[in-house]
Structures are given as C-alpha cells and as structure tokens.
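Structural features, examined
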Amino acid sequence: MLKFIKAFLFASVCALFSFSASAVTVASWGGAYTESQIKAYADTYSDPSAIQFENYNGGLGEVRAQVESGNVAWDLVDVLPDEAITGCDEGLFEDISGEYDNFVAAENGDGLIADMAANGVENLSDCCGPQIFWTYVVFFDPSAFPADKQPSKIADFFDVENYPGKRGVHTWANGFIQMALVADGIAPKGVYKVLKSQSGAIDRAFGVMDKIKDHIVHWSAGAQPLELVSSGEVSMSIAYNGRVGAAVLSEGANFEYIWEGQLLEQEYLCLMTGAPNRDQAMDFLIHATSPASQAEQAKYITYGPMRASGIDIIKAGEPWFHTGIDVMPHMPNTPERLKISVMGDPEWWSDNGAEIDERYAAWMGN
Amino acid sequence: MEVKITTNTEILTTDGIPLRVSLKKTERKNKLRAFLLVFPLLLFILITFVVPIGDMLMRSVDDSHINTVFPKTFEEYEKWDGQDLPPEEVYRAIFDELATGEGIQVGKALTRMNYSKSGWKSLIKKTRRQIKKIVKSGELPVSYKDTLIEIHKGWGDPTFWIAMNQMINETTSIYYWNAMDRTFDIDGSVVKQNEERRIYVRTWWRTLEVSIYVTFFCLILGFPVAHLLANLPLRYSNLLMIFVLLPFWTSLLVRTTAWIVMLQQNGVINGILVWLGIINDDQRIQMVYNMTGTIIAMTQILLPFMILPLYSVMKVIPKSHMRAAQNLGAKPARAFYKVYLPQTIPGISAGGLLVFVLAIGYYITPALVGGKDGQLIGHWIAYHLKTTLNWGLCSALGSILLVLMLVLYWLYNKIVGIDNIKLG
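The structure displayed is predicted, hence computed values, not measured ones. (Residues numbered from 1 in each chain as written. Chains lettered and ligands numbered in written order. Predicted model: local features only at pLDDT ≥ 70, side-chain atom pairs only at ≥ 80, totals over all residues. Heavy atoms only, no water.)

The next point concerns the overall build of chain A. Secondary structure summary: chain A contains 16 helices and 10 strands in total. At 22 Å, chain A has a C-alpha radius of gyration in line with the 21 Å of a compact globule built from 366 residues. C-alpha atoms of chain A, sized along the principal axes, occupy 75 × 45 × 45 Å. Per-residue burial for chain A yields a buried fraction of 58% across its 366 residues. (Helix = DSSP H or I, 4+ residues; strand = E, 2+ residues; numbered from the N terminus. Rg over C-alpha atoms; globule rule 2.2 N^0.38 Å. Buried < 20%, exposed > 50% of the residue type's maximum accessible area, 1.4 Å probe, protein only.)

Encoded structure:
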C-alpha cells in the first residue's frame, strides 16, 4: 500500500511538472479582461490547450522577483506601458525588436510598427507586443441632469455650479491631471508638451483640480465608479472605459461618455527573460497581436485595438459585439475620438509618476 | 533500572555506569528526539519568517548595486566641493561609465536613481543613446561637460547632482529618512522633504489613529457581547455564537461592499433616516468614503478577534465571584470593577493586541471605503513594491512597522506582563 502511495505521489508530481512545462503561461489581470483575451487569443490559436492564463495583480514586483531568483514561471505578462519600458530597461523582459518583422502585417501592408504609428503610438518598448488601448474617461447617467443641460465637454466635469453633484475620481494622479489641463484650455495633443516644457504645468493642473476638491468621492477599484454613478452617490465619474462599455452593452445600463480629454493608455504583452516556453510563447504573441485577434477581442470587451487596422476590421464587421450590438460607439480610439484624446506618454510618466502620485496623495489628504 | 549503592555513595546502574552519567545519556537522547521533532517547524520558521525579514532589513539599507555601475563617477563626485556644477572629471567618468556599462545593469540603476529625483531616467536614457553614437563615430569630445549639457540640459541642472549625494554609499539610511518625509541635502545633512511630497508622517499618524479607534470600539462593542456569550444558557449562547462567527466566515470583500451599500448617501441607513423624517433629503450624512466609514467597517470586520479571546477568558470566571463580592457589600458596579474586570484582563489584552496588529497592516478595506482617507501605510508599501519598484523604501516602511510592533509589545510586557495574555 505504502509503495502504491509513493508511486502515485511520484507520478502526480511528474505529471504536474510536465503539465506546467508544456503550456505557455500568460499572466494577466483576471476578470472580464482575461476572459476576453482567452476567447480572442487562446481559443483562436492553433493549439488552445497550450495556453494557460494566470491572474496577477499588476506591477513589476512579481516579475522582478521571478527573474532575480532565476525561477521564472511565466512566459508572457500583460503590463502597463510604463512597466513595459521599465521592465525592458531592467532586463526583466527579453528584447524581441529583432523579430518585429515576423509579426502579422495589416491588410494594407503596414507592418507592426507602422500599423501602430497609424494609431499615434510609437512602440516605446523593445520587449513587447501591443494589446489594447484602455482609457480614463468621464461618464455619467443622463437622468442625473436635465435634458437641456447635459454635460458634454471635459470642462463640465470641473464645473460643479452648472453641473451639480459630486465627482468620482480615483486615488492616484494619472488621468485626472491630464483632464484638468484639457479642461483649462490646453489642446489634448499638447498636454504632454506642456507638462514637459513648463515647470508650472503641474501646479496649474492642481489649481484646476482644487475647484472640485470638496466635491470628490475617491475610488480605488475599477468597479466602484459604476456603483457610485448608478447609486447616485456622484453625478459624474472617471472610470476605465471598458467597465462603462460592459455596463452598457452587457447589463443594459444607461451611461453617456465625455470623450474629450480622455487619456489613452496602452497595454502590452511582454516576453519574460528566461521564459520556460520561449519559442511557443513568441508564436502565440505573434498570433495575439495580429489585427484579426485584436479586433476579435472587441467582441467581448470595449477596449480598443492598438493596431489601427484592427479598428477597420471592427467597423466593417458591425454589429461586432458578441451579443449582436454595435460596438463602435464604445471604442475609445476611433479617428474622431483620437483627435480629442490625450495620448499617454508612458516614458514621461515612468520618470515623473512617483513624484506626482506623492504630491497627489498630499493634496488629497489636505 | 536496578541500582546498587556503593560505599563511596556514587550510585551505579546494573552495568556499572554511574547513574548520573546514565541519566544524562538518556536525557540527551530525549532532547535530541525532541529537537528532531520540532526541527521541521524550526526550518519552516527559518525559511518563511526569519530569512524574508532579514532580507527586508537588508534591502532597507542596501545601495550597493548602483555603486557597481558608477564606481568611478562616485569616486570623482566625492572630491567635488558641492559648488555650482561638478568638475570635468565627474562628467568624464559618467560619460565613460554610461558608454561601457551593460544595458541591464544601467537600467536597474536608473530605476534607483529616479527615486532620488524624477527625471534621471529619461536624462540618462537619452544621453546614453547619444553617447553610443559619439563613441561609434570615434570623435571623443574635447569637453565632456559641455558635450553632456549639449545632449541634455539636465546635466547643467545642479539639483540632479545634489540628488546624487543620496546614492554614493553602499549602505544608506535615505530610505528610512524618506519614510519619515526627510531627505539629504548636498552636504549630507538631513532636511525636510519638499512640502508637496510630505505624506508619510501623516500616513503613519493616520494609520495609528485608525488602529487605536478600531481597537477601542472593538473593545467597547465586544466586551458586552462576550459577557453575554459566556453567561447565557447554552441554547441561546450557541445561537449568539453563530451570529458572531457567521460574518467571520464571510468574505472580506463581501462585508466591505455591504458596508458601502449600508452607509452611502443613497444607502440603507440614510434612506431610513430620511424616511423617518429625522433628517431632510438634502441633509444626507456622509458616512462612507471617509475616516468614519473606514473605522465602522474595520471595527465590524475585526470584532470577532476581540470577542473570541474575551469569551474564552470570561467562560472560566466563576459566577460565584460576583455574587460573593455583592454579598460582602459591594454595589454591582464596584463588584464588576474590582472583581470581574481584573479577571478579564488577559482576554482584553489578547483581543486588543490581536485587533491592533491586524488593523495597523490593513489595506483593502480602507482602500475601498476610505476615499481620500483610505490610504494607510499598507497602501504605500504595496505601491512601492508594485508600481515604483522602490523596494528600499518599501522595506524601510515595513521595517518601521515591524519595529513599531516590537516596541508596542515591549511596552505591553512592561505594563501588563506577557504571561497575562490568553488567546483562547
């Protein structure tokens, strides 16, 4: 009996190892977002069983711990753009820029880099493939305002006199600062130019934010702003656009966006240094970053494809959402919306973000 | 074991060995066996507790990596008198070390440099690209200083050079100073952080304040409940116990969200108050997304940790004590204060310590219900661990928290005595 148990344990340990060794492990954020990735990337991949997704809480902490200890368990990680840059600088992610030519080209012949540039993105990291645009966007419930006085521009968010009610804002600075500058009259395209060149730009943003300071309810988790607005706790809130899209498309909520001043942030899939299944992970990355896969993802979640050709596929295929509804009204990066949006500059933010976050925390607490 | 008594009173066992020796031998065997039994646990504690804490303490003072990347620069830097801009040699050294340094090592150093001053990262990255070009062209600059300033005007900004003073030693106390809103000046003296960035002292106080409030309210609310639990007939007390334990078994997030539903301005409590006419519709009370909400939610969540130790202590206090005290002429209040309360001290201290320790590291609940007051020290530890990768500051904050707990424990031992604790 004892022998049998031993043999069984040995076999199961072996099975465990061989199983985890053969599958490409992708660490991502979990929830509806990972669901959409599984449906759009893994299920359409030539060998879906070779891909397994694992949840993590973001940040480079775990990535760095894995690489430093030499015990790398993940192959690909879904990261924010500034983390893609820092991780690449620190050697936590492998430089794959030499293989960008192997990535699937767009219909019009544009390669990966050109296709992203058409969307206003220079590929800032050499270690990653593009994913989606997610944005900080203001939204509201139209029934909270009289029909003839609906908010329509970002300045209205900072105007509690004409558009009464509290405002939902997150507990960190990114997104809110940029919106404050757009509300103060800076053209969306010029926000980062001003931030880089004028030393008083941050003070100016805080000055605008001061106007609504006493009317802010601060949230810290992505689901909270939807609850805040639908319960009437606040009349307008900043939120992740995908959350608002899901509430409208899947749950039938009645929300409107203020696209002006939204901050477009990028999302990348990066290859871990020392990834256990490097070659297959690369193959999967190429599949996941193809225009078709990127467009496919918009069937399940309303984040925008980072490759411009992805948007064209969606537009041509409407109604694109998996429930048979048009999805373009919720896509953050249509050409018209790109004109009034702030394009995130992760390089600048990874340089200055910590200091601004600290200042923001001091501002909140005062 | 047979023994015989010899004339010189040395007791021997049957095989002629003195009993003393023989006993010691068996004792040693037993000790070894006992040690082997606890060895796995010891090893477990060593690996999961002692080593990580040691590593954390090390990281909070370690600054060696950057010194391996810029050894020459720092050597030259230390010769500089701190006036205007550093001399040509410093510029030359950093030029060389950026040209020859390995990308990944420099990359790691950049993350470190950016903690001291924002902007180092892009300054060095841009410069490095240009330096590579210059080195490739083979035309080395005449003046390294002018060349670098030409590449990026940041090299002419003394504030960058002042910030460098924080990195030149292999061990550093800067993280601890940062954790207390202090930083180093150019001459190495400790000065207050720029006013806009002073957040940690306030966060420490707020964390302590919340923990003290929560412990206090847990005691006030938990004491009568525990008393009831201990003194009711069994069938009632069992039911009451389930009421205490049921929320204890419910997910933390569910309970936290439930409090939001209860307390928000269009929530249950405000709704009832308006319906009863106690407050007007436009006077709804702000009970959540602030300190009040944090304290209410945390108190409810941590309450069982106070009730259970109290209950286990009260359960064994004989009821006859109170009766005897009253019999001897004490009024109920005096009997309670003089006879009952002192006997519950072990439970109060155990519960108090447990609740306080848990509260001081709380993170998710304050973040969800605390609004702008929701960032306790745990938030900043997680922020630096995950977002800024400033593991030095992260470790320093953690170490201070650890020392704070040890001090409290020491104080507690002085005042109450550690034998006076009963966890159940």
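Picking up after the structure, the text goes on.
What follows concerns the overall build of chain B. In terms of helices and strands, chain B carries 19 helices and 4 strands. Considering only C-alpha atoms, chain B reaches an extent of 100 × 95 × 35 Å along its principal axes. Considering only contacts in chain B between residues 6 or more positions apart, those separated by 24 or more positions represent 68%. Carbon and sulfur atoms make up 65% of the accessible area of chain B, which totals about 23400 Å². (Contact = heavy atoms within 4.5 Å. Areas by Shrake-Rupley, 256 points an atom, 1.4 Å probe, with all protein chains shown as cover.)

If pLDDT is low for a region, its predicted coordinates should not be looked at in detail. Taken residue by residue, chain B gives an average pLDDT of 89. The fraction at 70 or more is 97%. Mean pLDDT across the secondary structure elements of chain B bottoms out at strand 1 (residues 3-5) of chain B, with 54, and peaks at helix 10 (residues 200-231) of chain B, with 95. (pLDDT = per-residue confidence, 0-100.)

If you look at the interface, chain A gives 42 residues, while chain B gives 41 residues. Carbon and sulfur atoms make up 45% of the area that chain A and chain B hide from each other, which totals about 3600 Å². Along the contact surface separating chain A from chain B lie 8 salt bridges. The closest approach of N and O atoms between A:Glu347 and B:Arg129, which form a salt bridge, is 3.9 Å. Secondary-structure elements contributing two or more residues to the side of chain A that touches chain B are helix 3 (61-69), helix 4 (81-89), strand 6 (216-219), helix 10 (224-230) and helix 16 (346-365) of chain A. Looking at the side of chain A that touches chain B, the element that brings in the most residues is helix 16 of chain A, giving 14 residues. For the side of chain A that touches chain B, the per-class residue count stands at 10 nonpolar, 17 polar and 15 charged. (Buried area = accessible area lost by both parts, 1.4 Å probe. Salt bridge = Lys/Arg side-chain N within 4 Å of Asp/Glu carboxyl O. Nonpolar A, V, L, I, M, F, W, Y, C, P; charged D, E, K, R; others polar.)

Let us look at the pairing of strand 2 (residues 51-55) of chain A. Residues and elements named next belong to chain A. Judged from the 5 bridges that link them, strand 1 (residues 24-28) and strand 2 form a sheet pairing that is parallel. Among the inter-strand pairings, threonine 25 is bridged to a residue of strand 2, identified as glutamine 52. With helix 2 (residues 31-42) bridging strand 1 and its parallel neighbour strand 2, the resulting β-α-β unit is right-handed. (Pairing = 2+ DSSP bridges. Right-handed = clockwise from strand over helix to strand, strands pointing away.)

A packed helix pair is summarised by two numbers, namely the angle formed by the two axes and the spacing between the axes. Residues and elements named next belong to chain B. Where helix 12 (residues 252-263) meets helix 13 (residues 268-275), the axes come as close as 4 Å, and the angle between the chain directions of the two elements is 20°. Taken together, helix 12 and helix 13 sit at an angle that is classed as roughly parallel. Counted together, Val261, Met262 and Leu263 of helix 12 and Val268, Ile269 and Asn270 of helix 13 form the full contact between these two elements. Per-class residue counts for the contact of helix 12 with helix 13 are 5 nonpolar, 1 polar and no charged. (Axes fitted to C-alpha atoms, helices over the stretch in contact; angles between N-to-C directions. Parallel < 35°, antiparallel > 145°, perpendicular 65-115°, else oblique.)

On to the side chain of A:Arg337. Residue and element names in this part refer to chain A. Turning to its location among the elements, arginine 337 is positioned in helix 15 (residues 335-339). Comment: no salt bridge for buried arginine 337; closest opposite-charge side chain is glutamate 336, at 5.6 Å. At 3.0 Å, the side chain of arginine 337 and the backbone oxygen of methionine 328 are in polar contact. Among all residues touching arginine 337, those that are not within four sequence positions of it are Trp259, Gln262, Met328, Pro329, His330, Met331 and Pro332. (Lys, Arg positive; Asp, Glu negative; His and termini not counted. Polar contact = N/O pair within 3.5 Å; in protein donor to acceptor, adjacent residues only side chain to side chain.)

Our focus in this paragraph is the domain arrangement of chain B. All names here are of chain B. Split into domains, chain B comes out as domain 1 (3-59), domain 2 (65-197) and domain 3 (201-420). Each of domain 2 and domain 3 has a C-alpha centre, and the two are 48 Å apart. In this assembly, 8 residues from domain 2 lie in contact with 12 residues from domain 3. Here domain 2 packs against domain 3, burying approximately 790 Å² in sum over the two surfaces, 67% of which is carbon and sulfur. Across the contact surface, domain 2 and domain 3 share 0 salt bridges. Inspection of the region where domain 2 meets domain 3 yields 5 residue pairs in polar contact (both at pLDDT 80 or more). At 3 residues, the largest contribution of residues to the side of domain 2 that touches domain 3 is made by helix 9 (residues 174-178). (Domains from an automatic or database assignment.)

This next bit is on the state of the cysteines. Residue and element names in this part refer to chain A. By the definition in use, this model includes 2 disulfides over all chains. Through a disulfide, cysteine 88 is tied to cysteine 127; the S-S separation comes to 1.9 Å. One disulfide, between cysteine 88 and cysteine 127, carries an S-S torsion of 75° and so falls in the right-handed class. With cysteine 88 in helix 4 and cysteine 127 in the loop between helix 5 (112-117) and strand 4 (128-140), this pair connects stretches of sequence that are 39 residues apart. An identical accessibility class is assigned to cysteine 88 and cysteine 127; each is buried. A disulfide bridge connects cysteine 128 with cysteine 270, and the sulfur atoms are separated by 2.0 Å. Measuring the twist about the S-S bond at about 100°, one finds the cysteine 128-cysteine 270 disulfide to be right-handed. (Disulfide = S-S within 2.5 Å.)

Moving on, we get to unusual backbone geometry. In most cases, non-glycine residues show a negative phi, while peptide bonds are predominantly trans. Cis geometry marks the peptide bond from A:Glu318 to A:Pro319, where omega comes out at -5°. Inspection of the secondary structure assignment puts A:Pro319 in the loop between helix 14 (308-317) and helix 15. Look at B:Asp84: it is not a glycine, yet its phi comes out positive at around 45°. Considering the arrangement of structural elements, one finds B:Asp84 in the loop between helix 3 (71-79) and helix 4 (88-100).

A word on the pattern of salt bridges. This model, assessed by the stated rule, comprises 25 salt bridges over all chains. Residues B:Glu196 and A:Arg359 are paired through a salt bridge, measuring 3.7 Å at the closest nitrogen-oxygen approach. Note that B:Glu196 is positioned in the loop between strand 4 (190-192) and helix 10 and A:Arg359 in helix 16, a pairing that runs across two chains. A salt bridge links B:Lys372 to B:Asp373; its shortest N-O distance comes to 3.8 Å. Relative accessible area serves as the criterion here: at 33%, B:Lys372 is assigned to the partly exposed category. Each of A:Glu68, B:Asp55, B:Arg59 and B:Lys108 takes part in a single network of salt bridges with overlapping partners.

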